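Inside the fold
In case you want the letters, here they are:
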Amino acid sequence: ASRDARLLRAVDTHPDGYPTVEAVKHMGELLAQRSGGRLAIEHYAGGVLGQERDALEITIFGGIDLNRVNLAPLNPIVPETVVPGLPFLFSSTQHMRSAMDGEPGRRILDALEPHGLIGLCFYDSGGRSFYTTERLIEEPEDLAGLKIRVQSSDLFVEMVSALGGNPTPMDFGEVYQGLMQGTVDGAENNWPSYESTRHFEVAPYYSETRHVMAPEILTMSAISWDRLSEDDRALIRQCAQDSVPYMRGLWDAKVEQSRAAVVASGVRVANPEISAFQQRVQPVWDRFVATPDMRALVADIQALDPAL
Amino acid sequence: MSVLSRFLSRMSLWFSAFGLVMMTAIIGWQVVARYLLANAPAWAEQAALFLMLWFILFAAAAGVREGFHIRLSILQDSLAEGRRQLMAIACHAIVGAFGIAMAYGGAQLVVETWEHTIPTLGLPRGLSYVPLAVAGVIIAFFAGEHILAERKGSKVEPLWS
Amino acid sequence: MELTVLLLLLAVLLAIGVPVAFALGAASVATFLLLDIPVVVAFQRMAASMNVFTLMAIPFFVFAGDLMARTGIAERLVRVAEGAFGRARGGLGQVDVGASMMFGAVSGSAVASVSAMGSTLMPMMKEKGYDADYAVNVTITAAILGILIPPSHNMIIYAAASPVSVSVGDLFLAGIVPGLLAGAALMFVAWRVAIRRGYPGGTFPGWRSFTKSLIAAFPGLMTALIIVFGILLGVFTPTESSAVAVIYTIVIGVLVYRSLGYIAFVEAASSAVRTTAMVMLIIGTAGMFGWLFALLHGPEMLSGGLTAVSQDPAVIMLMILLVLLVLGAFMDMAPLIIITTPIFLPVAVATGVDPVHFGIIMMLSLGIGLVTPPVGSVLFVGCAVGQAKPEQVVRTIWPFYLALMIVLLLVAYLPSLSLWLPEQFN
Ligand code: NA
Ligand code: NA
C-alpha cells in the first residue's frame, strides 16, 4: 500500500453547490484532516468528465476514483440496485433513510464489489413525482392518454404503462422543448430538478406522487481501492458515512427552497392519495424483482416500514 | 492486399449506408408509432444510437483508405518530394498507431462491459463497443497500405469519390 | 505540464498533416499514457461523445440534403432564390444567410444547418461561378444564427448549467434581436465580398417564370414548413424532425418528382455516410481531448488569471469574451457551456451583468468557436460539404469573423439588444 499523499478524483454530474457535490467536498475535508493531509479529494462537478453511465464505466476502468451516481445507471450492472427504485417501495423519507442506513443498504453496497465498484454510502434524491402541462394528477385515471417522458429505462416504461400513461422515452436535452411544444404532456422528477431544469415554466402542474424514492450512491473504483492500505480504506468508509448527515441537511433545505421558489412562480401542487397508484404497479414489481436475493431485500425493506 | 483493401473499403461503405437507412427507418417508426399505437417503442432510441456507432466507425475506417479525413496539408505541400514522402509516412504511421490503440482499447471495452446490458434492448453493452475494435484493426490495415504505397512512390487509388 | 504536452503535441501533429480527427486522438492517447490513466478510458470517451441522441440530427440532415441535391429539390429551391434575389450582386450569398436564419429557427443545431444549407446551396453557388471558399464562409458563419434564434438546445444546456436561476423562455426571446442583427451583418459582408470578387448578378426572370419556379419548388419548400410546424405543434422533436425530413424527401423524390431511383438513393446514402463519418470521428476524438482538458484544469487556469488582471467590469467582460473565443477554438460548444458557465457567470453577475444577457453572450462567443480552427465542427462539416480545404477557407473568412466580432461586442456592451424583447413580455 502506498504511503504517498494521494489525491482522489471525484466526479458528479450535478453542478457545484448541489448537496451531493458539497457532501463529497465535505468528505474530502474530513479525509484530509483525519489522514494528516495524506489523502484528499479533487472534485470535478457539473459532469465535465462525462455523463453518469459513461463516468461509471470510467470509474470501473480506474480513470476516476470516486463517483456519485443515481442508481438507474447501475441497474444494468448490479441487479440489487433495482430494488430501491421500485415504485412506491418506501412509504416516507424516514423509511428510505432507515432502510439505506441499515442492513438492506449495506447488502446493496456490498453487491457492487464483484462489478469493480466499491459502494461507500447513499445520499438522498428525494421523491420523483409527475408534472404535466395541463392538469394535476389526483388519481391514476388522470394519467390516461398523457404522454409522459421517461428515461431510457425498462422499469420507468413499465411503471408509467402500469399507471395508465403513455411512456415516451426522450433524451433529457429535448424535454423542455418537448413539453413546450406538446411532444410530451408531462415528465417526472424531484423538486430540485423540476426547478433547475426550468420544466416548471412549461409544465406547471406538480403532483406529489413520490412514486420513486431511490437514493443516490457514492461509489469508488475497485482499482483505486485496491491500491490503498486497510487503514485508509476504513478511513474513507468512515468519512463517507460522516458526509451523509451533512448531505441530508443541505438536501432538505434545497427541497424546501426549490419547492417554495416554484410555488411562488405559480405552480399548482396536488398531494394525491397513493394507494390506488400502489395497487396498479404490482405487475412491475413482479417483473423486476427477479431473484431470491432481491425478494429477500424487498421483504426486509418492507419490514422496516414505520407506517406498518 | 490491394484486392482485400478494395473489398474492405467497399464492404465498410455498404455496411455504413445500410446502417444509416436502418436508423432513418427506426426513428421514423418511433414518430409514427407514437400516433398509431398507444405506446412509443421504448427500444427505438437505444437501437438507433447502437447503430450510429457501427455505421460511423466503419465509414470512418474506410475514410482512412479513401483519404477523406480533413487535414492541414500546407506544410507537406511546401516540402520537396523526398521530405514530403517521409512526413506523409510519419502521418500514416501515427494514424496506424491510433488504429492499433483503438483496436486494443475497444477490445478491452467490449470485454469489460459485456456483463452490462443496454436498457430497453437487453443486449450486452459490450456489443456496442465491438465496432471500435474492428474499425481500429481496419484503420491500422489501411494506414499500412498507404505506407507501403508511399515507399513504392505510388498512391492508394480512392474507390469512392 | 501535461496540459502543455497535450497542446504542443496536438499543434505538431496538425502541422505535419495528420488528419484532424487522428491528431486529436493521438495527442490525447499519448497524454493518457503519460498520466498513467488506462487507455480504455480514452476510447470510452470517444464512443460516448459520438453516441449522443441529439447528434443523430447530423447524419439525418446530411442525408436529407444529399437526397434533395439528387432529386432536384435543391435545384428548384435555388431557382426560386434566384428569382427573388436575381438582381443583387452575390445574391446567392444572401439567400444562403436568409435560408440559414429560417433553418436555424427550426433546428437550433449549427452542424445540422451547415449540413442542410451546405449540401443544397453550395453546389448551386459553385455552378454560378462562386468560389468554394466563399460558399463555405457564408454557410458556416450563417449556421451560427440557429444557436441564437430560438429554439436552441444550447440555451437549455446553459440554463441547466447556470448556478443562478435563468428562464429558458427569456433566453429564447433574448436571442432573437442579436440573431437578426448577426444575420444582417453577415448579409452585408456577403454582399461586399461578392462585389469585390465580381460575382454575377442575374436578371429578373419575370413574374410568370418566377411563379412557375415557385410552384415547381413547392413540395421542396414544404420540407421546411413540415419541420417548422411539426416541431412547433409538438408532432416530433427536433432530432426526430431530421429523420422525418429524410423520409419526406424520399417520398416526394419517388412519388412527386419521380427523380429518385435506386442508384441515386444509394449514392446519397454513401455520400451522407462519408460526410457524417468525417465529422463524427472528430467529435469523438475531440471528446477524448476535452476530457483531458477539463481533467488538467485548462478552463480554470484560463479564468483564474482573469480576475487577477482587472476589476473594471468592461475589462473583465472583454477578457471573458477573449477566453471564451480561445476556449471555443479548442473545444466543442456543449461541453464548454457546461464547464465555463459556473466559472464565468458568477464573475459576470458580480460586475452587474444579467444572467439572461450573459447567456446570449455565451451562445454567440462559443458559437463563433464552432467555425474557428483547430477544433471547429461547423467549419469542418462546411469544408467537407463544400469540398474546400480548411486552410483555404480560413484564409478568406476574416471579413465574416470581423462581422461576428462586431456583433459580439455590440451584444456584450449593449444589454438592451438582448433584454429589451423579454422585458416586453414580462
Ligand atoms: Na434555433
Ligand atoms: Na473552434
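- You'll find chain B entered in an unreviewed UniProt entry as TRAP transporter small permease protein, with Aurantiacibacter gangjinensis given as the organism.
- Of chain B, the UniProt comment under Function (unreviewed entry) reads exactly: "Part of the tripartite ATP-independent periplasmic (TRAP) transport system."

**So, the overall build of chain B**
- In terms of helices and strands, chain B carries five helices and zero strands.
- Over its C-alpha atoms, taken along the principal directions, chain B stretches across nearly 65 × 35 × 30 Å.
- Across the 161 residues that make up chain B, the buried fraction comes to 56%.
- For chain B, the accessible surface area stands at approximately 7,000 Å², while carbon and sulfur atoms represent 70% of it.
- Separation of charge centres in chain B, based on 11 positive and 9 negative side chains, amounts to 6 Å.

**Regarding the overall build of chain A**
- Scanning chain A for helices and strands turns up 12 helices and 11 strands.
- In terms of its C-alpha atoms, chain A occupies a principal-axis envelope of roughly 60 × 40 × 30 Å.
- The 308 residues of chain A split such that 61% are buried.
- Excluding contacts between residues fewer than 6 apart, the proportion of contacts in chain A whose partners are at least 24 apart in sequence is 76%.
- For chain A, the distance from the average site of its 27 positive side-chain charges to the average site of its 43 negative ones is 2 Å.

**A word on the interface of chain C and chain A**
- Counting residues at the interface gives 34 residues for chain C, matched by 27 residues for chain A.
- Linking chain C to chain A there are zero salt bridges.
- Across the contact surface, chain C and chain A share six residue pairs in polar contact (both at pLDDT 80 or more).
- Of all elements in the fold, only α3 (39–50), α10 (153–161), α11 (168–197), α12 (207–232), α13 (238–256), α14 (262–295) and α17 (333–350) of chain C reach the threshold of two or more residues within the side of chain C that touches chain A.
- Per-element tally for the side of chain C that touches chain A: the top contributor is α3(C), with five residues.
- Taken together, the residues of the side of chain C that touches chain A break down into 24 nonpolar, nine polar and one charged.

**Overview of the nonpolar core**
- Counting residues in each nonpolar core, the largest one holds 296 residues, and the members touching the most others are Leu120(A), Ile236(A), Phe43(C), Tyr134(C), Trp291(C) and Phe358(C).
- For this core, the leading source of residues is α14(C), giving 20 residues.
- Not counting residues within four places of it along the chain, the set of residues in contact with Ile236(A) comprises Leu8(A), Met27(A), Leu31(A), Leu39(A), Leu120(A), Met220(A), Trp225(A) and Leu228(A).
- Of all hydrophobic cores here, the second largest spans five residues; its members include Met68(C), Tyr248(C), Ile252(C) and Tyr257(C).

**Details of the pattern of salt bridges**
- This structure, assessed with the given rule, holds 33 salt bridges over all chains.
- Here Glu81(B) makes a salt bridge to Arg84(B), at a shortest N to O gap of 3.1 Å. One end of the pair, Glu81(B), and the other, Arg84(B), are both in helix α4 (residues 81–112), three residues apart, so they sit about a helical turn from each other.
- In this structure, the salt-bridge partner of Lys155(B) is Glu150(B), at a minimum N-O distance of 3.3 Å.
- Accessibility expressed as a relative area gives 5% for Glu150(B), which makes it buried.
- What emerges from the salt-bridge pattern is a single network uniting Arg97(A), Asp101(A), Asp124(A), Arg248(A) and Asp252(A).

**Observations concerning helix α2 (residues 52–61) of chain A**
Residue and element names in this part refer to chain A.
- Summarising burial for α2: nine of the 10 residues are buried, a large majority.
- All of the buried residues along α2 are Glu-52, Asp-54, Ala-55, Leu-56, Glu-57, Ile-58, Thr-59, Ile-60 and Phe-61.
- Two residues or fewer past α2, Gly-62 is found with a positive phi of approximately 90°.

**So, the packing of helix α4 (residues 103–111) of chain A against helix α12 (residues 292–303) of chain A**
All names here are of chain A.
- Across the interface, α4 lies against α12 with an axial gap of 9 Å and an inter-helix angle of 150°. Between α4 and α12, the crossing angle belongs to the class labelled roughly antiparallel. Seen from α4, the contacting residues are Pro-104, Arg-107 and Ile-108; seen from α12, they are Asp-293, Ala-296, Leu-297, Asp-300 and Ile-301.

**Section: the packing of aromatic side chains**
- All told, the structure shown has 26 aromatic pairs over all chains when counted by the stated rule.
- Taken together, a centroid distance of 5.8 Å and an interplanar angle of 80° make the contact between Trp207(C) and Phe210(C) edge-to-face. One end of the pair, Trp207(C), and the other, Phe210(C), are both in helix α12, three residues apart, so they sit about a helical turn from each other.
- Judged by its relative accessible area of 14%, Phe210(C) is buried.
- Considering the side-chain rings of Trp398(C) and Tyr401(C), the 5.2 Å spacing of their centres and the 80° angle between planes classify their relative orientation as edge-to-face. Pair noted here: Trp398(C) and Tyr401(C) are both in helix α21 (residues 398–413), with a separation of three residues, about one helical turn.
- Grouping aromatic residues by their ring pairs yields a cluster made of Tyr131(A), Trp191(A), Tyr194(A), Phe200(A) and Tyr206(A).
- The cationic tip of Arg192(C) hangs over the ring face of Trp191(C); the distance from NZ or CZ to the ring centre is 5.6 Å.

**Some words on a nonpolar patch on the surface**
All names here are of chain B.
- Taken together, Trp-29, Val-32, Leu-36, Leu-37 and Trp-43 make up a surface patch of nonpolar side chains, about 490 Å² in accessible area.
- As for its placement among the helices and strands, Leu-36 is situated in helix α1 (residues 2–36).
- Exposure remark for Leu-36: the relative accessible area of 65% places this residue in the exposed category.

**Details of the environment of Pro38(C)**
- Turning to its location among the elements, Pro38(C) is positioned in the loop between α2 (20–35) and α3.
- The class of Pro38(C) is partly exposed, set by a relative accessible area of 28%.
- Beyond its immediate stretch of four places on either side in the chain, Pro38(C) contacts Phe61(A), Gly62(A) and Phe32(C).

**Digging into the pairing of strand β4 (residues 117–123) of chain A**
Residue and element names in this part refer to chain A.
- The element β4 is extensively covered by neighbouring structure, given that seven of its seven residues are classed as buried.
- Where β4 meets strand β10 (residues 216–221), six bridges bridge the pair, whose relative direction is antiparallel. If you follow Leu-117 over to β10, its bridge partner there is Ser-221.

**Quick notes on the pairing of strand β8 (residues 186–189) of chain A**
Residue and element names in this part refer to chain A.
- Residues Gly-186 and Glu-188 of β8 are buried on one face, and the alternating residues Ala-187 and Asn-189, pointing to the opposite face, are buried as well.
- Here four bridges tie strand β5 (residues 128–132) to β8, and the two strands are oriented antiparallel to one another. Bridge pairing links Thr-132 to Gly-186 in β8.

About the thresholds
Residues numbered from 1 in each chain as written. Chains lettered and ligands numbered in written order. Predicted model: local features only at pLDDT ≥ 70, side-chain atom pairs only at ≥ 80, totals over all residues. Heavy atoms only, no water. UniProt positions renumbered as here; feature names shortened; annotations may be inferred. Helix = DSSP H or I, 4+ residues; strand = E, 2+ residues; numbered from the N terminus. Buried < 20%, exposed > 50% of the residue type's maximum accessible area, 1.4 Å probe, protein only. Areas by Shrake-Rupley, 256 points an atom, 1.4 Å probe, with all protein chains shown as cover. Lys, Arg positive; Asp, Glu negative; His and termini not counted. Charge placed at Lys NZ, Arg CZ, Asp CG, Glu CD. Contact = heavy atoms within 4.5 Å. Salt bridge = Lys/Arg side-chain N within 4 Å of Asp/Glu carboxyl O. Polar contact = N/O pair within 3.5 Å; in protein donor to acceptor, adjacent residues only side chain to side chain. Nonpolar A, V, L, I, M, F, W, Y, C, P; charged D, E, K, R; others polar. Core = buried A, V, L, I, M, F, W, Y, C linked by side-chain atoms within 4.5 Å. Axes fitted to C-alpha atoms, helices over the stretch in contact; angles between N-to-C directions. Parallel < 35°, antiparallel > 145°, perpendicular 65-115°, else oblique. Phe/Tyr/Trp six-rings, centres within 6.5 Å; stacked < 30°, edge-to-face > 60°. Lys NZ or Arg CZ within 6 Å of the ring centre and 35° of its normal. Patch = residues over 30% accessible without salt bridge, like charges linked within 9 Å, V, L, I, M, F, W, Y side chains within 5 Å. Pairing = 2+ DSSP bridges.

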